[in-house]
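Residues per chain are reported as follows:
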Amino acid sequence: MTDSPPSSLPIIDISPWVNPSSHTSSSRLSTSRALDSACRTHGFFYLSNHGLEHLTPKILHLARQFLTESSVEEKEKLKLRSAGKGGGDGARGYQRIGENVTKGKSDYHEALDLYRPWPEPTEPPYEPIQGPNQWPSHPPGFRETYEDYIDKLQTLGRTLLRAMAIGLGEPESTFDTAVRDSFWVLRCIGYPPLTPSPSPSHLEEGVSCGEHTDYGCLTLLLTDDTRGALQVLHAPSGKWITADPIPGCFVVNIGDMFNVWTSGLYASTLHRVIHRGGNYRVSVPFFFEPGWEARVDVLPGCVGRKGKEGGVVYGEHLLGKVLGNFVLEDGGALSTPLCLTCYSPEVGTSYGILLSQARLNVLQASLDSFAIVLVVSFRGLDGGLGREYERENERAIEKCYRANSFSCINRTGGRIAIGLGWLTLGLSQSGTGYTEKAIAKDPRIAIAANPRNIDVCIALPYP
Ligand SMILES: O=C(O)CCC(=O)C(=O)O
Ligand SMILES: [Fe+2]
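Residues numbered from 1 in each chain as written. Chains lettered and ligands numbered in written order. Predicted model: local features only at pLDDT ≥ 70, side-chain atom pairs only at ≥ 80, totals over all residues. Heavy atoms only, no water.

> Looking at this structure, I do not really get the overall build of the protein. What am I missing?
Check the secondary structure of the protein and you find 12 helices and 23 strands. Looking at the protein as a whole, 55% of its 463 residues are labelled buried. Here the analysis covers contacts within the protein between residues at least 6 apart in sequence; of these, 72% occur between residues at least 24 apart. In the form shown here, the protein has an accessible surface area of approximately 19,300 Å², with 53% of it arising from carbon and sulfur atoms. (Helix = DSSP H or I, 4+ residues; strand = E, 2+ residues; numbered from the N terminus. Buried < 20%, exposed > 50% of the residue type's maximum accessible area, 1.4 Å probe, protein only. Contact = heavy atoms within 4.5 Å. Areas by Shrake-Rupley, 256 points an atom, 1.4 Å probe, with all protein chains shown as cover.)

Below, the structure is given as structure tokens:
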């Protein structure tokens, strides 16, 4: 294999799988092999002849109409709000430019996020992600057209996964159960050009969408014809490849769940958007994901590989990611759902911890792929004691940050435990054992658990 980046990503014709009756089984096998090769080397490919070409121009047009023709008031009615606040669920709805955050930095785009409807009826105040979708009333027909498109995308996603299962040497139905009730996400994204205003440094520093991997299974990305915006990292050379749109094709990439299924054989690839052109770019990614309750574990054929991912329950994985995605005017999706109560053996009492958003940004910016959310309120405490801890933590983190003494003692995917010198701070999904390992390493750690199945531990500095 060469280390120089390819000039473009492979184009894969999926028609043998979409229309099996007019193709041979050997053409289906070649498609599966091409998918396998693309997923091993790039994690990205173009998908052609998928059968939805007649719908995509309308989908893009409606997204553009919503984003560019709706008044500020109309968009505000659909606003994404923190879970538990004003009918919000911390995930669904419209986000203004800058409210979406990747690794602690604001993205220069606006978006409307839709999710699979929550399977049971829910009432406000909503748990995270469990509220209703915020469908726009303008343009007319938006909802019906999108619902039909989403249905068809799910069928295509299932077909593509069957083809990929064969490429992996697994039975065709391998992924069927995991995605039967796919907890899909669809975003309508609008990217104004990155321009030198409002601050002169923006041209150098701004990103339309910061580098990230996608969380789930498969992303089927539809974009307008803007070129030079979407970039995909070619890991061996460290160079970014531009993934320009090809008419009639989806850009497809694999998400983090494939890291788990294949134990790292199919790695989700970093990508980003930097749109410096003069136009307003529109994209509509569809994230075809496992079901909320689906357990994702390494496939039989990949057991024994030296991958680093343990199994996950998809809904928990998603929750951990989504809650860190927004900085909202109302206090942020960060603060409300993860209302942690921590316990300190030294103090012998429960206390809450608050890190300011600014401090989180510092933390996040200093650790690549720090998919974190730690944070919180002073539950059950009057301002006095709570504020004392807040100050204590801020001082501790500031000190560690200045001393540049972050050192990971354990990290995988979005789970992390970090040694900060004399302050130790960890976040992990419970049941993974990372917290326990962190504790074994540092007996000063106090453990906290919260109802969202995420635990956080913070060690107070010795007096
Ligand atoms: O707009 C694009 O081209 C890509 C957006 C993206 O990567 C995402 O929303 O995950
Ligand atoms: Fe993405």
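> Would you take a moment to explain the sheet that holds strand β7 (residues 185–191) for this structure?
The strands making up a sheet are joined through hydrogen bonds of the backbone, oriented either antiparallel or parallel. Here we have 8 strands laid out as an open sheet, ordered β1-β2-β12-β9-β14-β7-β6-β3, and mixed in their pairing. In this open sheet, the two edge strands, each paired with only one partner strand, are β1 (11–13) and β3 (93–95). When strand polarity is set aside, the average angle formed by the axes of neighbouring strands in this sheet is 25°. Across 3 bridges, β1 lies against strand β2 (residues 44–48) in parallel orientation. Directly across from Ile11, in β2, lies its bridge partner Tyr46. Where helix α3 (residues 56–69) meets the sheet, its contacts fall on β3, β6 (110–115), β7, β9 (218–223), β12 (250–254) and β14 (281–288), and the angle it forms with β14 comes to roughly 115°. (Pairing = 2+ DSSP bridges. Axes fitted to C-alpha atoms, helices over the stretch in contact; angles between N-to-C directions.)

> Whenever I open this one, the nonpolar core confuses me. Can you help?
Nonpolar side chains tend toward joint burial in soluble globular proteins. The biggest cluster of nonpolar side chains holds 72 residues, and the ones touching the most others in it are Tyr146, Met164, Leu186, Leu218, Phe250 and Phe258. It is helix α5 (residues 142–167) that contributes the most residues to this core, 11 residues altogether. Phe44, Tyr191, Cys209 and Leu230 belong to the second largest nonpolar core, which has 16 residues in total. (Core = buried A, V, L, I, M, F, W, Y, C linked by side-chain atoms within 4.5 Å.)

> Is there a simple way to think about helix α2 (residues 25–41) in this case?
With 17 residues, α2 should reach 24 Å at 1.5 Å per residue; the first-to-last C-alpha distance of 25 Å fits that figure. Residues of α2 that are buried: Ser27, Arg28, Thr31, Ser32, Leu35, Asp36, Ala38 and Cys39. Packed against the buried residues of α2 are β1, α1 (15–18), β2, α5 and β12. One or two positions beyond α2, positive phi appears at Gly43, with a value near 75°. (Expected span 1.5 Å × (residues − 1).)

> It is not clear to me how α5 should be interpreted in this structure. Could you clarify?
Note on helix geometry: an α-helix contains 3.6 residues per turn, so any two residues three or four positions apart are oriented the same way. Across its 26 residues, α5 extends 36 Å between first and last C-alpha, which sits within 8% of the 38 Å expected from 1.5 Å per residue. Two residues or fewer past α5, Gly169 is found with a positive phi of approximately 75°.

> How do you make sense of the packing of α2 against α5 when you look at a structure like this?
Packed helices, taken two at a time, are described by the angle between their axes plus the distance between the axes. Remark: α2 packs on α5, axes separated minimally by 8 Å, with the N-to-C direction vectors making an angle of 80°. On the basis of their axis angle, the class for α2 and α5 is roughly perpendicular. Touching Leu29, Ser32, Leu35, Asp36 and Cys39 of α2 are Leu160, Ala163, Met164, Ile166 and Gly167, all from α5. Grouping the amino acids of the contact of α2 with α5 by side-chain chemistry returns 7 nonpolar, 2 polar and 1 charged. (Parallel < 35°, antiparallel > 145°, perpendicular 65-115°, else oblique. Nonpolar A, V, L, I, M, F, W, Y, C, P; charged D, E, K, R; others polar.)

> Whenever I open this one, the sheet that holds strand β8 (residues 209–212) confuses me. Can you help?
Strand order across the open sheet formed by 4 strands is β8-β13-β10-β11, with antiparallel pairing between neighbours. The open sheet terminates on both sides in strands that have one partner only, identified here as β8 and β11 (239–242). Put simply, the sheet's adjacent strands are angled 25° from each other on average, direction ignored. Pairing between β8 and strand β13 (residues 271–273): 2 bridges, direction antiparallel.

> Whenever I open this one, the side chain of Ser283 confuses me. Can you help?
With respect to the element layout, Ser283 can be found in strand β14. A relative accessible area of 2% means that Ser283 is categorised as buried. The contact partners of Ser283, leaving out residues within four places of it in the chain, are Arg187, Cys188, Ile189, Tyr191, Leu221, Leu222 and Thr223.

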